[in-house]
Amino acid sequence: MIVLYILLALIGALLAVLLINTARVTRSARKLQGQHPTFTEEELGAYGKTFSRMLKCATVSVKGSYDDTEFAKLRAVVEEDFPLLHQKAERLLLSDDCWLYKIPGTDTSRNILLMSHHDVVSADTDWTMPAFEGIIRDGKVYGRGAADTKGSLCAILFAAEEMLRAGHTPPVNFYIASSHNEELSGDGMPAVLEYCKKNNITFEVILDEGGAIVEPPLAGMNCEMCAMVAVHEKGRFKLKCTAVNESSHVSLTAFKGNPVERMSQFIQEITSKNIFIRRLHPETREMFTALAPYCSLPMRVLLSNLWLFGGLLTKVLPKLNATAGGMVGTTCNFQEIQGSVTNKVCTASVMLRNINEEDLKADYAAFKAIADKHGITLETERDEYYGPADRTSPAYQYTMDCIAKIFPRFPAAPYILPAGTDAWRLTPVCNCVLRFAPTRMSKQQLGSIHAADENLDISAVAEAAAFYKYFVENYR
């Protein structure tokens, strides 16, 4: 009986700790109340007109070639619709068409950068309307590049133009950058990096695409949308895997153990086993903690007590979907395989997307052990990794404060971006690179990126411009 009482007391103490932690997290959260920016029909008309004109420029980036025709059209639209920016800002054109603007600030020793890209991917035949006519319908503008990322670029340019029109000087140097070949991982933003290094320019904060204002990422949340700020971008570690047969003649090659079979067995073993480290990284913990107060009670208790339930989440998330699973560790994606028994060689390319560089070392060792077992040699073809944004920096907290100011009804949370952006290229000159464009997107609009009928609300562009304008004018 004494043992039972002790057990009940321990259960009661545990429940008390869980509820106290939940209450503490809930009490410290920002209240979701206040007024978001509003605009007149005339203002929305002006945003929509320029946005539509930008989308009519078919700035499709093509690997291995560059045709300036459509890019020149876009430059002409931007110069015509944002005249003050082009009169008062310093402007450079790097590579073929990578833009870099600078508006000098009151304090010329400090710099911030808003960046985007103006190239787009091609549009397939599944569209229900022309992809490059900038059609306006029901308050939305349709066109390739609307969400990725001419919408945020249009908002940045409007913010700069409106600031200059009001006669305001930014507190610090305000830079704008936009690449013409981000979709190709091209040389646009690397040219910006080299320019910054050569001129000893560093930035206190950089905002790029990646995160956005999206529908709640967790079921049962009591909010309209969430501002998801990507504070880290997964690294890229690409390997070439090779299996060969040393037999001097194909007729002497036994069926068992030929290169194609060994490669197939290797891939099957890699993809069927959980060989990679799985854990809740600090960025993911912070995301769950930030979202917890706005979740239904059972989920709120779970996310407010990650010290107890974190291990469970690392096991559950990979089973929910690939995106969720990517937040707890390295992901593995075989991209291409080719070879034949006749040629006595089989190769496969694989991309490992890692969160933590130290974890990748252990993950690679586990990967290589299986490769060795099947007689597969490995060759590194790409190794890109840069650390997460410094979330202790004043610039990070300022960004989150700006979100609360402009979008008071939306909670904000950090997260790890599984996709790729140009932003990682500039991490050598900034320790607070944030992948966040303050554009509001529905699930359909988010899904239209690189897909059919890509579109964005005109009001979302106007709201993003209001955010950028406030961000720059009040930067401290």
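Our subject is the structure listed above.
Treat the numbers as computed from the prediction; the structure is a model and nothing was measured.

Caption draft 1: Geometry of the sheet that holds strand S11 (residues 345-353). An order of S10-S11-S9-S12 is seen for the four strands of this open sheet, with the pairing classed as antiparallel. The sheet is open, and its two edges are formed by strand S10 (331-340) and strand S12 (377-384), each paired on a single side. The average undirected angle you get between the axes of adjacent strands in this sheet is 15 degrees. Bridge analysis of strand S9 (residues 236-244) against S11 gives eight bridges, and the strand direction is antiparallel. Looking at S11, one finds that Lys-240 is bridged to Ser-349. Where helix H12 (residues 357-373) meets the sheet, its contacts fall on S9, S10, S11 and S12, and the angle it forms with S9 comes to roughly 10 degrees.

Caption draft 2: Spatial organisation of helix H1 (residues 2-28). Compared with the 39 Å implied by 1.5 Å per residue over 27 residues, the 39 Å span of H1 between its first and last C-alpha is a close match. If you follow the buried residues of H1, they end up packed against helix H8 (282-291), helix H9 (297-303) and helix H10 (306-320).

Caption draft 3: Region of the structure containing the pattern of salt bridges. Inspection of every chain in the model, using the stated rule, returns 26 salt bridges. Among the ionic pairs, Glu-233 bridges to Arg-236, the shortest N-O distance being 2.5 Å. Arg-236 gets classed as buried once you look at its relative accessible area, which sits at 8%. Close ionic contact of Arg-440 with Glu-463 constitutes a salt bridge, the shortest N to O distance being 3.0 Å. Of this pair, Arg-440 sits in strand S14 (residues 433-440) while Glu-463 sits in helix H15 (residues 458-473), and the two are 23 residues apart along the sequence. Accessibility classification places Arg-440 together with Glu-463 in one group, the buried group. One salt-bridge network, in which partners are shared between bridges, spans Glu-233, Arg-236, Arg-382, Glu-384 and Arg-435.

Caption draft 4: The sheet that holds strand S4 (residues 135-137), seen in detail. Across the sheet, three strands lie side by side as S4-S5-S15; this open sheet has antiparallel pairing. With partners counted over all chains shown, the strands left at the sheet margins are S4 and strand S15 (455-457), one partner each. Averaged over all adjacent pairs, the angle separating strand axes in this sheet is 25 degrees, with direction ignored. Relative to strand S5 (residues 140-142), S4 runs antiparallel, the two sharing three bridges. Within S5, the residue paired with Ile-136 across the bridge is Val-141. Running at roughly 65 degrees to S15, H15 makes contact with S4, S5 and S15 of the sheet.

Caption draft 5: Broad picture of H8. Of the residues making up H8, those classed as buried are Glu-283, Thr-284, Met-287, Phe-288 and Leu-291. Buried residues of H8, viewed axially, fall in a sector of 135 degrees; they line one side.

Caption draft 6: Seen up close, the layout of surface pockets. There is about 560 Å³ of room inside the second largest pocket. Forming the walls of the second largest pocket are 23 residues, and the residues nearest its centre are Phe-276, Arg-278, Thr-330, Thr-331 and Cys-332. Of all the secondary-structure elements, those providing two or more residues to the lining of the second largest pocket are helix H7 (259-272), H10, helix H11 (322-325), S10 and S11. Here the lining of the second largest pocket is composed, by residue class, of seven nonpolar, 10 polar and six charged.

Caption draft 7: Broad picture of the side chain of Ser-393. By secondary structure assignment, the location of Ser-393 is in the loop between S12 and helix H13 (394-406). Judged by its relative accessible area of 9%, Ser-393 falls in the buried class. In this structure the side chain of Ser-393 is engaged in a polar contact, spanning 2.9 Å, whose partner is the backbone oxygen of Asp-390.

Definitions and cut-offs
Residues numbered from 1 in each chain as written. Predicted model: local features only at pLDDT ≥ 70, side-chain atom pairs only at ≥ 80, totals over all residues. Heavy atoms only, no water. Pairing = 2+ DSSP bridges. Helix = DSSP H or I, 4+ residues; strand = E, 2+ residues; numbered from the N terminus. Axes fitted to C-alpha atoms, helices over the stretch in contact; angles between N-to-C directions. Contact = heavy atoms within 4.5 Å. Expected span 1.5 Å × (residues − 1). Salt bridge = Lys/Arg side-chain N within 4 Å of Asp/Glu carboxyl O. Buried < 20%, exposed > 50% of the residue type's maximum accessible area, 1.4 Å probe, protein only. Arc of directions from axis to C-beta. 1 Å grid on protein atoms, 1.4 Å probe; cavity = no way out; pocket = protein on both sides within 12 Å on 5 of 7 lines; lining within 4 Å. Points joined across faces, edges and corners; volume = space filled by probe spheres on them. Nonpolar A, V, L, I, M, F, W, Y, C, P; charged D, E, K, R; others polar. Polar contact = N/O pair within 3.5 Å; in protein donor to acceptor, adjacent residues only side chain to side chain.

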